[in-house]
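Here are the chains, one letter per residue:
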Amino acid sequence: MAYITYYDYVSMYGEPPISETDFPMYAALASDIVDSITQYRIPQGGGFSALPAFLQRQVQKAAGAQVFYFTQIGLDTVLTGQTGQSYTVGKVSVSGGALAGADAKAGALMVSPLARAALEQTPLMERGVPVCSDRFPGPFWGM
């Protein structure tokens with residue numbers, strides 16, 4: 001299930017350059033990426049509706065940012081990691097654009113920086129390992 005609806009997206013970013021019928025595919029892929037970068041804590045913890053309201057809103061923002069990223073960068077570029085080939089026309093040479101940096105790996109191209117920013121201050125992006133002897137386990141311990 002997608003974490004964002006077409007109407008939520010329109011309220012955040014305005015009319016997308018994709019149709020309303022194509023939107024569910026983009027939203028489902030964006031939700032899959034959100035699940036991936038949060039180590040699948042949302043489905044393991046009872047699903048989207050089990051999250052507190054603040055976390056639900058942050059997840060929706062991240063999914064919306066990811067859909068926006070898909071529409072701006074191109075779904076094929078994001079999913080394949082291929083930024084295009086270099087070409088020269090006359091004296092002008094173009095080589096892949098800003099995404100073709102030497103340190104840009106395919107995995108780094110998949111995730112919107114804005115989506116990561118929306119989630120990184122939440123417990124969903126916590127990379128710590130829970131220990132059974134923790135005296136004060138967090139609210140998402142066991143997720």
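It should be emphasised that the depicted structure is a prediction, and the values quoted were computed from it without experimental measurement.

Our next topic: the overall build of the protein chain. Of regular secondary structure, the protein chain possesses 7 helices and 2 strands. Reading the protein chain from its N terminus to its C terminus gives the helix and strand order α-α-α-α-α-β-β-α-α. The buried share of the protein chain, taken over its 143 residues, is 34%. Sequence separation of at least 24 residues holds for 70% of the intrachain contacts in the protein chain that already meet a minimum separation of 6. Put simply, the protein chain shows about 8700 Å² of open surface, and 57% of that area lies on carbon and sulfur atoms.

The subject of this paragraph is the packing of aromatic side chains. Inspection of every chain in the model, using the stated rule, returns 7 aromatic pairs. Ring geometry for Tyr9 versus Tyr13: centroids 5.2 Å apart, planes at 35 degrees, classification tilted. Note that Tyr9 and Tyr13 are positioned in helix H1 (residues 6-13) at a spacing of 4 residues, about one turn of the helix. Its relative accessible area of 1% is what places Tyr9 among the buried residues.

Another point: the confidence of the model for the protein chain. With 71% of its residues at a pLDDT of at least 70, the protein chain reaches an overall mean of 81. At the level of individual helices and strands, the protein chain shows its lowest average pLDDT in helix H6 (residues 106-110), which scores 67, and its highest in helix H2 (residues 23-37), which scores 94.

Moving on to the side chain of Gln60. In this structure, Gln60 sits in helix H4 (residues 53-73). The class for Gln60 is buried, based on a relative accessible area of 16%.

Okay, the environment of Ala63 next. The residue Ala63 is located in helix H4 in this model. We classify Ala63 as buried; its relative accessible area is 0%. The spatial distance from the C-alpha of Ala63 to the C-alpha of Ala27 is 6.9 Å, given a sequence separation of 36 residues. Excluding residues within four positions of it along the chain, Ala63 makes contact with Tyr3, Ile4, Ala30 and Val34.

The next point concerns the packing of H2 against H4. Close contact between H2 and H4 brings their axes to 8 Å; oriented N to C, the two are set at 120 degrees. Our classification of the angle between H2 and H4 gives oblique. Handedness of the crossing formed by H2 with H4: right-handed. Side by side, H2 and H4 meet where Phe23, Tyr26, Ala27, Leu29, Ala30, Ile33 and Val34 of the first sit next to Val59, Ala62, Ala63, Gln66, Val67, Phe70 and Thr71 of the second. Of the residues in the contact of H2 with H4, the class split is 12 nonpolar, 2 polar and no charged.

The rules behind each value
Residues numbered from 1 in each chain as written. Predicted model: local features only at pLDDT ≥ 70, side-chain atom pairs only at ≥ 80, totals over all residues. Heavy atoms only, no water. Helix = DSSP H or I, 4+ residues; strand = E, 2+ residues; numbered from the N terminus. Buried < 20%, exposed > 50% of the residue type's maximum accessible area, 1.4 Å probe, protein only. Contact = heavy atoms within 4.5 Å. Areas by Shrake-Rupley, 256 points an atom, 1.4 Å probe, with all protein chains shown as cover. Phe/Tyr/Trp six-rings, centres within 6.5 Å; stacked < 30°, edge-to-face > 60°. pLDDT = per-residue confidence, 0-100. Axes fitted to C-alpha atoms, helices over the stretch in contact; angles between N-to-C directions. Parallel < 35°, antiparallel > 145°, perpendicular 65-115°, else oblique. Left-handed = near helix turned anticlockwise from the far one by under 90°. Nonpolar A, V, L, I, M, F, W, Y, C, P; charged D, E, K, R; others polar.

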